[in-house]
Amino acid sequence: MKGWEIYTLNKKYKRMKNALLWITIGLISGVVLAVFLIIPQILWEVKAYNLLFEVSYIPWLNKMHPVWLIQGIFHFTTCIFSLCILYYLLAYFKKETYLWLYITIIGIGSSLLFFLTLLAENTPPITDYVAWLFWTLGHVLFSITGWYLIQLWIGQSPSRDKF
């Protein structure tokens, strides 16, 4: 193999490894969130878990089948991309290692998204403060899990070395 071929393969390998790391981080964090929210649903019928997978308010997704698969893909894709985008957004400002920013941004963002319960049927009422609290705490746990795995597997952004 020529030098440029090795360089190209090395670059593709790094991209693939990076993509797999982000998928793994998003999947693990998403499972932690789902498990955290299913427990109150089983024990006390708090329906915050249902909102996590709800797609009935998204026009083209609500017509796709099987519903359970579409809901799972929607949830885990959102988990993967939200952590990845937040990391690179924070890395731009050299803040990608700050746990409090992950907790604040994801916590506030998800607590505001609780209003989506108004658009769906099998979700908690907007006035269910217990469901809102579990929803918000679950997303704080999601952000802590995501932050920890990012620090463990991704680390600081390589762009820090350039400046």
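Placed above this text is the structure.
Parameters at a glance
- Residues numbered from 1 in each chain as written.
- Predicted model: local features only at pLDDT ≥ 70, side-chain atom pairs only at ≥ 80, totals over all residues.
- Heavy atoms only, no water.
- Axes fitted to C-alpha atoms, helices over the stretch in contact; angles between N-to-C directions.
- Helix = DSSP H or I, 4+ residues; strand = E, 2+ residues; numbered from the N terminus.
- Parallel < 35°, antiparallel > 145°, perpendicular 65-115°, else oblique.
- Left-handed = near helix turned anticlockwise from the far one by under 90°.
- Contact = heavy atoms within 4.5 Å.
- Nonpolar A, V, L, I, M, F, W, Y, C, P; charged D, E, K, R; others polar.
- Core = buried A, V, L, I, M, F, W, Y, C linked by side-chain atoms within 4.5 Å.
- Buried < 20%, exposed > 50% of the residue type's maximum accessible area, 1.4 Å probe, protein only.

As a further point, take the packing of helix α3 (residues 67-92) against helix α4 (residues 99-113). The interhelical angle for the contact between α3 and α4, taken along N-to-C directions, is 125°, at an axis separation of 11 Å. When the interaxial angle is binned, α3 and α4 end up oblique. Crossing of α3 against α4: the hand is right-handed. Residue-level contacts link L83, L86, Y87 and L90 of α3 to L101, Y102, I105 and I106 of α4. Here the residues of the contact of α3 with α4 are counted per class, giving 8 nonpolar, no polar and no charged.

We now examine the nonpolar core. Generally speaking, nonpolar side chains in soluble globular proteins are found buried as a group. Within the largest apolar cluster, 27 residues are counted, with the highest numbers of intra-cluster contacts made by W22, L37, L52, L83, W135 and I150. Put simply, the parts of the chain that give this core at least two residues each are α1 (3-44), α2 (48-53), α3, α4 and α5 (129-153). Beyond its immediate chain neighbours, meaning those up to four positions away, W22 contacts I80, L83, C84, Y87, Y88, I150 and I154.

In short, shape yes, function no, at least from these values alone.
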